Amino acid sequence: MAIIGAGFMGKTHLTAYKAMNNAIVTAVCDLNETQGRALAEEAGCPWYADGETMLREAKVDAIDICLPTFLHEQYALLGAKYKKHILCEKPVTLTLEALDRMLDAAEKAGVQFAVGQAVRFWPEYVKTKQLYDAGALGTVKYARASRLSVHPAWSEWYRKPENSGGGLFDLHLHDVDYLCYLFGRVRQVYAVGQKNDVGCWNHVASSLSFENGVQATAEGIIEMPAGFPFTMELNVVGDQKAVSYRMRAGANLEDVASAVRETWLYGGAEPEKLDIDPYDAYQKELEHFIGHLDAGTPITAITPQDVRHVLTVIHAIRTSLETGEPVAL
């Protein structure tokens, strides 16, 4: 396994790989020599400044792309060229055309292509899906997902919409993806929000109508005032029971260990606080990816079709934000 990108997410993924017994990081690639060498030293592997040199020289079966969004396509295509399996951080890319090129290259190379939309592995969200799939909530009448954050201070590249897509693509996508994971394909969207002075939609509220009849809303704000704790909420309301989750963590989700996390199930004789193991969702995500590579079976938690549908929904939301009109898919 090679990690491409030695920033916050690259470090997060290395921590997860080091806890696994079926994955070894054999190379790190990053243009920033100080950052790249530090992560490579921690991994006990060589550092490369150039991805193609790394793929020619290092023993690598798969690449883990943790680079800024606008570089994802370049390195996904490079990985496919060298017939390496590909895990790409979200947002996978900013255009459907770029995504199609990435998926087509992976298919022609005969390699697996997965995207790190990690909320599908987050323990409380996993539990909610289990309850929904088992019919424990009854008929779902409404769902709401929310994600609120101060603006990340990782790098200036992040503030440019042409580089990151802003909060719509980088933050709001998480909840849109999870709601699609629960309820399937979206039929129509309507969204309201505010665009900042450089063109990023960083305040977004979306109404989603699913083909199965479920109605849901998602709220994403990535410009909360300074000091506001990273906050996630999920409420799924059925005609028999409702599940409600809330987490308040440190800024930019960098202090998960001290976060306040509670999940409640309502509708019984008494409200039930669910006891959920707060395992590392990133490790579960990577275990899923590596496990399927070992078994030679297709990735199941998030398929290329899933990824494309979610990106299509995000584009529909942006169109609705810009036109003030509902958008049918």
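Residues numbered from 1 in each chain as written. Predicted model: local features only at pLDDT ≥ 70, side-chain atom pairs only at ≥ 80, totals over all residues. Heavy atoms only, no water.

1. Some details on the overall build of the chain
Here is step 1 of the chain: Broken down by element type, the chain carries 10 helices and 15 strands.
Here is step 2 of the chain: For the chain, whose C-alpha radius of gyration is 20 Å, the value lies close to the compact-globule estimate of 20 Å for 329 residues.
Here is step 3 of the chain: The principal-axis extents of the C-alpha atoms in the chain amount to approximately 60 × 45 × 40 Å.
Here is step 4 of the chain: Taking the intrachain contacts of the chain between residues at least 6 apart in sequence as the baseline, contacts between residues at least 24 apart amount to 68%.
Here is step 5 of the chain: When the accessible surface of the chain is summed, it comes to about 14300 Å², and 50% of that surface belongs to carbon and sulfur atoms.
Here is step 6 of the chain: Separation between the mean location of the 30 positive side-chain charges and that of the 42 negative ones in the chain comes to 2 Å. (Helix = DSSP H or I, 4+ residues; strand = E, 2+ residues; numbered from the N terminus. Rg over C-alpha atoms; globule rule 2.2 N^0.38 Å. Contact = heavy atoms within 4.5 Å. Areas by Shrake-Rupley, 256 points an atom, 1.4 Å probe, with all protein chains shown as cover. Lys, Arg positive; Asp, Glu negative; His and termini not counted. Charge placed at Lys NZ, Arg CZ, Asp CG, Glu CD.)

2. Side note on unusual backbone geometry
For residues that are not glycine, phi is negative in most cases, and the peptide bond is trans in most cases.
Here is step 1 of the chain: Look at the link from Lys90 to Pro91: it is a cis peptide, with omega at -15°.
Here is step 2 of the chain: Take Pro91: it is sitting in the loop between strand 5 (85-89) and helix 5 (96-109).
Here is step 3 of the chain: The backbone of Lys83 shows a phi angle near 55°, a positive value even though the residue is not glycine.
Here is step 4 of the chain: Note that Lys83 resides in the loop between helix 4 (72-81) and strand 5.

3. Concerning the sheet that holds strand 13 (residues 260-266)
Here is step 1 of the chain: One open sheet holds the 9 strands; their spatial order is 14-13-12-11-7-10-9-8-15, and the pairing between them is mixed. Taken across any chain shown, the strands that pair with only one partner, and hence form the sheet edges, are strand 14 (272-273) and strand 15 (327-328).
Here is step 2 of the chain: Strand contacts of helix 8 (residues 166-183): strand 7 (140-148), strand 8 (186-195), strand 9 (201-210), strand 10 (215-221) and strand 11 (231-238), with the helix running at about 20° to strand 9, the strand carrying the most contacts. (Pairing = 2+ DSSP bridges. Axes fitted to C-alpha atoms, helices over the stretch in contact; angles between N-to-C directions.)

4. Topic: the packing of aromatic side chains
Here is step 1 of the chain: For the structure on display, the rule yields 7 aromatic pairs.
Here is step 2 of the chain: Seen in terms of ring centroids, Trp122 and Tyr282 are 6.3 Å apart; in terms of plane orientation they differ by 90°. Their pairing is edge-to-face. Taken together, the residues Trp122 in the loop between strand 6 (113-116) and helix 6 (123-133) and Tyr282 in helix 9 (residues 281-295) connect sequence positions 160 residues apart.
Here is step 3 of the chain: A relative accessible area of 6% places Trp122 in the buried class.
Here is step 4 of the chain: Among the aromatic residues, ring-to-ring pairing joins Tyr125, Tyr178, Tyr181 and Tyr245 into one connected group.
Here is step 5 of the chain: Directly above the aromatic system of Phe228 lies the positively charged group of Arg248, at a separation of 5.9 Å from the ring centroid. (Phe/Tyr/Trp six-rings, centres within 6.5 Å; stacked < 30°, edge-to-face > 60°. Buried < 20%, exposed > 50% of the residue type's maximum accessible area, 1.4 Å probe, protein only. Lys NZ or Arg CZ within 6 Å of the ring centre and 35° of its normal.)

5. So, the pairing of strand 8
Here is step 1 of the chain: Of the pairings in the sheet, the one linking strand 8 to strand 9 comprises 9 bridges and is antiparallel in character. Across the sheet, residue Val192 finds its bridge partner in strand 9, namely Ala205.
Here is step 2 of the chain: Between the end of strand 8 and the start of strand 9, which pair antiparallel, lie 5 residues, with Gly199 showing a positive phi angle near 100°.
Here is step 3 of the chain: Here 2 bridges tie strand 8 to strand 15, and the two strands are oriented antiparallel to one another. Bridge pairing in strand 15 links Gln188 to Ala328.

6. Here we look at the environment of Ser164
Here is step 1 of the chain: Positionally, Ser164 belongs in helix 7 (residues 161-164).
Here is step 2 of the chain: Assessed through its relative accessible area of 0%, Ser164 is described here as buried.
Here is step 3 of the chain: Placed 93 residues apart in sequence, Ser164 and Leu71 show a C-alpha to C-alpha distance of 9.9 Å.
Here is step 4 of the chain: Once residues lying within four places of it in the same chain are set aside, the contact partners of Ser164 are Thr69, Pro91, Leu94, Trp157, Tyr158, Phe169 and Asp170.
Here is step 5 of the chain: Within polar-contact distance, the side chain of Ser164 engages the backbone nitrogen of Gly166 at 3.0 Å. (Polar contact = N/O pair within 3.5 Å; in protein donor to acceptor, adjacent residues only side chain to side chain.)

7. Some words on the nonpolar core
Here is step 1 of the chain: Counting 112 residues, the largest nonpolar core has Tyr17, Phe113, Phe183 and Ile317 as the members making the most contacts within it.
Here is step 2 of the chain: Counting residues per element, this core draws most heavily on helix 8, which supplies 10 residues.
Here is step 3 of the chain: The residues touching Phe183, leaving out its near neighbours within four places in the chain, are Tyr132, Val140, Ala143, Phe210, Asn212, Val214 and Val236. (Core = buried A, V, L, I, M, F, W, Y, C linked by side-chain atoms within 4.5 Å.)

8. Quick notes on the pairing of strand 6
Here is step 1 of the chain: Here strand 6 shows a buried face lined by Phe113 and Val115 and a second buried face lined by Ala114 and Gly116.
Here is step 2 of the chain: Bridge analysis of strand 5 against strand 6 gives 4 bridges, and the strand direction is parallel. The partner of Glu89 across the bridge, within strand 6, is Gly116.
Here is step 3 of the chain: Between strand 5 and its parallel partner strand 6, the chain crosses via helix 5, and the hand of that crossover is right-handed. (Right-handed = clockwise from strand over helix to strand, strands pointing away.)

9. What to know about the side chain of Thr128
Here is step 1 of the chain: Tracing the chain through its elements places Thr128 in helix 6.
Here is step 2 of the chain: On the accessibility criterion, Thr128 (1% relative accessible area) is buried.
Here is step 3 of the chain: Apart from the residues within four sequence positions on either side, Thr128 is in contact with Tyr178, Leu234, Val236 and Val243.

10. A few points about the environment of Pro271
Here is step 1 of the chain: Counting through the fold element by element, Pro271 comes out in the loop between strand 13 and strand 14.
Here is step 2 of the chain: For Pro271, a relative accessible area of 45% gives the class partly exposed.
Here is step 3 of the chain: Pro271 sits 221 residues away from Asp50 along the chain, and the two C-alpha atoms are 55 Å apart.
Here is step 4 of the chain: Contacts of Pro271, omitting those with residues within four sequence positions, involve Trp264, Leu265 and Tyr266.

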